[in-house]
Amino acid sequence: MDTIIFDVDDTLYDQLVPFKIALRKLLKNSVSEQLLHEIYVSSRKHSDALFEKNLSEGISLLDMQTYRISAACQESGINISFQEAVDFQENYLEEQHRITLYKDIELLLDFLNSKNKQIALLTNGDKEHQSMKIKQLGLINWIPKEHHFISNEIGYAKPSEEVFLHIEKKLELEKSKTVYIGDSFENDVVGAKQVGWHSIWMNHRKRAMPDIGIKPDLVFSNTKELLDSFQK
């Protein structure tokens, strides 16, 4: 592969860590690890479902953020108020200012740069919020700013073809020599495959693969497997 493009959230860092800290504050620590994980996965599902509406229908970022945690908690039989959802989001944002890259990802980025590969980022989200996380992770040390692509800045969100084709044009990449790496099957695998890119699914949350006739080229359950695959 000549061009390697990464998702950000829960691909380059462990998004569950800040989420768990904020959720324990909300629920006063009275929640099991399994339930924390279930609420997190449900929250990501609701977040992905709402994101297109955030762009196309003008749903506010706060409404989206409070709805996804409220709906995720409700699925697990926990009802929270709007103010509790707001408090959770504030704590979650505070913890996101402390996120760090997976160590294996640092090694992978070093390796790709040593091989002169073209590297980029593609993430769904608000420009200011995602830029904050990109800065906190220090990704500018490996990936030039002009290769940072954020959906709200582009005007299209994953998995729409338009956002992937926008990047094709900007990077002048070859489809057959491009791979996209992400944790969301619907946004990352489907999005990349529909435009002819290769796809690597980071399935460290052990989600079931949808039976929709689309499959990633590779599936890994942790970042060590991902690093090893490139070094080999």
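Here's what I pulled together on the structure shown here. These figures come from a predicted structure and were not determined experimentally.

### With respect to the pairing of strand 5 (residues 198–202)
If a strand is regular, its side chains alternate between the two faces of the sheet.
Link 1 in the chain: Of all five residues in strand 5, four are buried; the element is thus mostly enclosed.
Link 2 in the chain: When strand 4 (residues 178–182) meets strand 5, the two strands line up parallel, connected through four bridges. Bridged to Tyr 180 within strand 5 is Ser 199.
Link 3 in the chain: For the crossover from strand 4 across helix 9 (residues 185–193) to strand 5, the handedness is right-handed.

### Concerning the packing of aromatic side chains
Link 1 in the chain: Evaluation of the coordinates by the stated rule reveals eight aromatic pairs.
Link 2 in the chain: Judged by centre distance (5.7 Å) and plane angle (90°), the ring pair of Phe 164 and Tyr 180 falls under edge-to-face. One end of the pair, Phe 164, is in helix 8 (residues 161–171); the other, Tyr 180, is in strand 4, and 16 residues separate them in sequence. Exposure class is identical for Phe 164 and Tyr 180. Each is buried.
Link 3 in the chain: Site record: aromatic cluster; members linked through ring pairs are Phe 19, Tyr 40, Phe 88 and Tyr 92.

### Some words on the packing of helix 3 (residues 61–75) against helix 4 (residues 82–96)
Relative orientation and spacing of two packed helices are given, respectively, by the angle between their axes and the distance between those axes.
Link 1 in the chain: For the pair helix 3 and helix 4, interaxial distance at closest approach is 9 Å and the crossing angle is 105°. In this view, helix 3 runs roughly perpendicular relative to helix 4, as classed from their interaxial angle. Residues Leu 62, Gln 65, Thr 66, Arg 68, Ile 69 and Ser 70 of helix 3 touch helix 4, and the partners they reach there are Phe 82, Ala 85, Val 86, Phe 88, Gln 89 and Tyr 92.
Link 2 in the chain: In the contact of helix 3 with helix 4, the residues fall into seven nonpolar, four polar and one charged.

### Remarks on helix 5 (residues 103–114)
Link 1 in the chain: For helix 5, built from twelve residues, the straight-helix expectation of 16 Å at 1.5 Å per residue is met to within 8% by its first-to-last C-alpha distance of 17 Å.
Link 2 in the chain: Within helix 5, the full set of buried residues consists of Asp 104, Ile 105, Leu 108, Leu 109 and Leu 112. The buried residues of helix 5 all sit within an arc of 140° when viewed along its axis, so they share a single face.
Link 3 in the chain: Elements in contact with the buried residues of helix 5: strand 1 (3–6), strand 2 (118–123) and helix 10 (223–231).
Link 4 in the chain: Immediately beyond the C-terminal end of helix 5, within one or two residues, lies Asn 116, with a positive phi of roughly 60°.

What counts, and where the lines are drawn
- Residue indices follow the written sequence of each chain, beginning from 1 at its first position.
- Note on the predicted model: pLDDT of at least 70 is required for a residue's local features to be given, and 80 or more for side-chain atom pairs to be given and counted; whole-chain, interface and lining totals, by contrast, use all residues.
- No hydrogens and no water enter the side-chain calculation; it runs on all heavy atoms of the structure.
- Relative accessibility thresholds used throughout: buried, under 20% of the residue-type maximum; exposed, over 50%; partly exposed, between the two (1.4 Å probe, protein chains only).
- Note on conventions: DSSP H or I runs of at least 4 residues are helices, E runs of at least 2 residues are strands, and numbering of each starts at the N terminus.
- Two strands are counted as paired when DSSP detects at least two bridges linking them.
- A clockwise course of the path from the first strand over the helix to the second, judged with the strands pointing away from the viewer, identifies a crossover as right-handed.
- Centres within 6.5 Å make a pair out of two Phe, Tyr or Trp rings, where for Trp the six-membered ring is used; the pair is then stacked when the planes are under 30 degrees apart, edge-to-face when over 60, and tilted otherwise.
- The axes used here are C-alpha line fits, helices contributing only the stretch in contact, and every angle between their N-to-C directions lies in the interval 0 to 180 degrees.
- Any angle that falls under 35 degrees is termed roughly parallel, while one over 145 is termed roughly antiparallel, one within 65 to 115 roughly perpendicular, and all others oblique.
- Between two residues, a contact is recorded if the distance between any of their heavy atoms is within 4.5 Å.
- Charged residues are taken to be Asp, Glu, Lys and Arg, nonpolar residues to be Ala, Val, Leu, Ile, Met, Phe, Trp, Tyr, Cys and Pro, and polar residues to be all remaining types, Gly included.
- Multiplying 1.5 Å by the helix residue count minus one yields the expected span of that helix.
- Here the arc refers to the directions that run from the helix axis out to each C-beta atom.

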